[in-house]
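Coordinate analysis (summary)
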Amino acid sequence: MTIKTQKYKVAEHLFRIGLDADSVLWGRMTESYGPFEAAEDETACIFDLTICDGVEIGDAGLVYSNKETVEPGFIVLNVYKDDRNHYFEFIQPGSKTANGRLSISLDLSTAKFCLSGTEFQQWQTFNTVVNFCFMLATNHYKTVLAHSSCVTYKGKAWMFLGKSGTGKSTHSRMWLSALEDTVLMNDDHPVIRVHDNGEAIAYGSPWSGKTKCYKNMQAPVGGIIRIVRAPYNKARRLSVIESYASLMTSFSGITWEKELADGRDRTIQSIIAAVPCWRMECLPDEDAARVCSEAVTNA
Amino acid sequence: MKIVEGFRLREIMGQATVIGEGVNQVDFNKLITLNATAAYLWKEVEGKDFNQANLADLLVKKYGIDEELAQKDAAAVLDKWIEIGLVK
């Protein structure tokens, strides 16, 4: 097997993926990863992920498993660790055996991954793994993947948070139809990066859930808004602690490793210092978009 | 008793706050804010075995209050921590 490599840049973080030149995954990647391709001569990748045959966990100890607590339809994750690597085992919903094993060096820069299962399962797991490596490797750089639907309006990014099914995407749709010049940036996992000058910027990513929206675009974050269903439309600015709680529940992260938890904490606090956070109690209607946009753009 | 593993005291914009970050606390999903006194006690007993009397001693040492009041305050803090599941 000949390994072909390609560099990508998401949120101004460069990374490299190496994969069998004949793999069907290259074709699938065109649509979602294509917009993020970077030139081969760009340097300073924050991680290098190679898809290969066989990642052995050996006698590394089990650190974490969500097997008992995972909600139906979500990925089961088992985590192991030894003195060289973290190991992650992914089991897709409905699958009995692991669909992929990932090893990633303790410095989070070198990852190896082996895939199994049907082509569709492989594609899903592959996406999960790239997303996961990105989340880990960017931890030190005040960067987070937000579980969010994100639009741009009046030159800024407005990010909607909420549990699956509460209407993040619906609320984005309401902005798109009610407010002129609104653009959907990403519908599932945009990235927030806080730069050295303290500014928080939102970036599109190759991970957008069921909506095919893989835009390589960026905008300063104007507000982060938690969407809560209600029989009326009302926006309320959150206190510092409420903001932290709101962001914490919607940002990817591994917190049982203290260093990673510290990194995530620094990022969340930097975001709160830079961006107003809100709670929007709302109906799934266009009036909600008007009430919300008026409140958050006038802050 | 002991602080349950995985709970960490952090300073969020100046506010002492306990966050569940350990393997067994990943789904805890709450933030517990502590006042200055509770934060002081937390830092003193973090990682150690302790009981109500130890907390009361710490209060006497730091604030110079009388033993009876210290016992009462220590009991109140400890009850709350037990109720929330922060200590076992």
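Model, not experiment: these values are computed from the prediction. (Residues numbered from 1 in each chain as written. Chains lettered and ligands numbered in written order. Predicted model: local features only at pLDDT ≥ 70, side-chain atom pairs only at ≥ 80, totals over all residues. Heavy atoms only, no water.)

Below, the discussion takes up the interface of chain A and chain B. Contacts between chain A and chain B engage 19 residues on the former and 17 residues on the latter. Summing both partners gives a buried area of about 1500 Å² for chain A against chain B, and 66% of it is carried by carbon and sulfur. At the boundary of chain A with chain B, the tally comes to two salt bridges. Between Arg-10 of chain B and Asp-262 of chain A there is a salt bridge, with its nearest N and O atoms 2.8 Å apart. On the surface where chain A and chain B come into contact, there are seven residue pairs in polar contact (both at pLDDT 80 or more). Of all the secondary-structure elements, those providing two or more residues to the side of chain A that touches chain B are strand E5 (61-65), helix H4 (240-250) and helix H5 (258-274) of chain A. It is H5 of chain A that contributes the most residues to the side of chain A that touches chain B, seven residues altogether. The residue makeup of the side of chain A that touches chain B, split by class, is eleven nonpolar, four polar and four charged. (Contact = heavy atoms within 4.5 Å. Buried area = accessible area lost by both parts, 1.4 Å probe. Salt bridge = Lys/Arg side-chain N within 4 Å of Asp/Glu carboxyl O. Polar contact = N/O pair within 3.5 Å; in protein donor to acceptor, adjacent residues only side chain to side chain. Helix = DSSP H or I, 4+ residues; strand = E, 2+ residues; numbered from the N terminus. Nonpolar A, V, L, I, M, F, W, Y, C, P; charged D, E, K, R; others polar.)

For Ser-103 of chain A, the position within the fold is in strand E8 (residues 100-105). Look past the residues within four positions of Ser-103 of chain A in its chain and what remains in contact with it is Val-55, Asn-85, His-86, Tyr-87, Thr-110, Ala-111 and Lys-112 of chain A.

This paragraph deals with the domain arrangement of chain A. Residue and element names in this part refer to chain A. Domain annotation of chain A identifies domain 1 (3-137) and domain 2 (143-297). Domain 1 puts 24 residues into the contact, and the matching count from domain 2 is 23 residues. When the buried area of domain 1 at its contact with domain 2 is split by residue, Phe-36, Asn-131 and Met-135 rank highest and sum to 25% of it. Joining domain 1 to domain 2, the criterion identifies two salt bridges. Ionic pairing is found between Glu-257 and Lys-81, a salt bridge with its closest N-O pair at 3.1 Å. For the pair domain 1 and domain 2, the number of links is seven residue pairs in polar contact (both at pLDDT 80 or more). Breaking the side of domain 1 that touches domain 2 down by element, the ones donating at least two residues are helix H1 (25-33), E5, strand E6 (76-81), strand E7 (85-91) and helix H2 (119-137). (Domains from an automatic or database assignment.)

The next thing to look at is the pairing of strand E1 (residues 3-10) of chain A. Residue and element names in this part refer to chain A. Judged from the eight bridges that link them, E1 and strand E2 (residues 13-20) form a sheet pairing that is antiparallel. Note on E2: the bridge partner recorded for Gln-6 is Ile-17. Adjacent in sequence and paired antiparallel, E1 and E2 are bridged by two residues, among which Ala-11 carries a positive phi angle near 55°. (Pairing = 2+ DSSP bridges.)

Core analysis: the largest hydrophobic core is formed by 45 residues, its most contacted members being Leu-49, Phe-88, Leu-102 and Phe-126 of chain A. For this core, the element with the highest residue contribution is H2 of chain A, accounting for ten residues. In this structure Leu-49 of chain A touches Arg-16, Ile-17, Gly-18, Leu-102, Ala-111, Lys-112, Phe-113, Val-129, Val-130 and Cys-133 of chain A, once residues within four positions along its chain are discounted. Listed in part, the 28 residues of the second largest apolar core include Ala-200, Leu-238 and Val-275 of chain A together with Leu-31 of chain B. (Core = buried A, V, L, I, M, F, W, Y, C linked by side-chain atoms within 4.5 Å. Buried < 20%, exposed > 50% of the residue type's maximum accessible area, 1.4 Å probe, protein only.)

Attention now goes to the sheet that holds strand E3 (residues 31-33) of chain B. The strand order across the open sheet formed by three strands is E1-E2-E3 (chain B), and the pairing between neighbours is antiparallel. Because the sheet does not close on itself, it has two edges, and the strands there are strand E1 (7-12) and E3 of chain B. Sheet twist, expressed as the average angle between the axes of neighbouring strands with direction ignored, equals 30°. Two elements, E1 of chain B and strand E2 (residues 15-20) of chain B, share six bridges in a ladder whose sense is antiparallel. In the sheet register, Arg-10 of chain B faces E2 of chain B, and the bridge partner there is Thr-17 of chain B. Seen against the sheet, H4 of chain A touches E1, E2 and E3 of chain B and runs at an angle of roughly 160° to E3 of chain B. (Axes fitted to C-alpha atoms, helices over the stretch in contact; angles between N-to-C directions.)

Mean pLDDT for chain B: 93, with 100% of residues reaching 70 or above. By mean pLDDT, E3 of chain B is the weakest element of chain B at 93, and helix H2 (residues 52-63) of chain B is the strongest at 97. (pLDDT = per-residue confidence, 0-100.)

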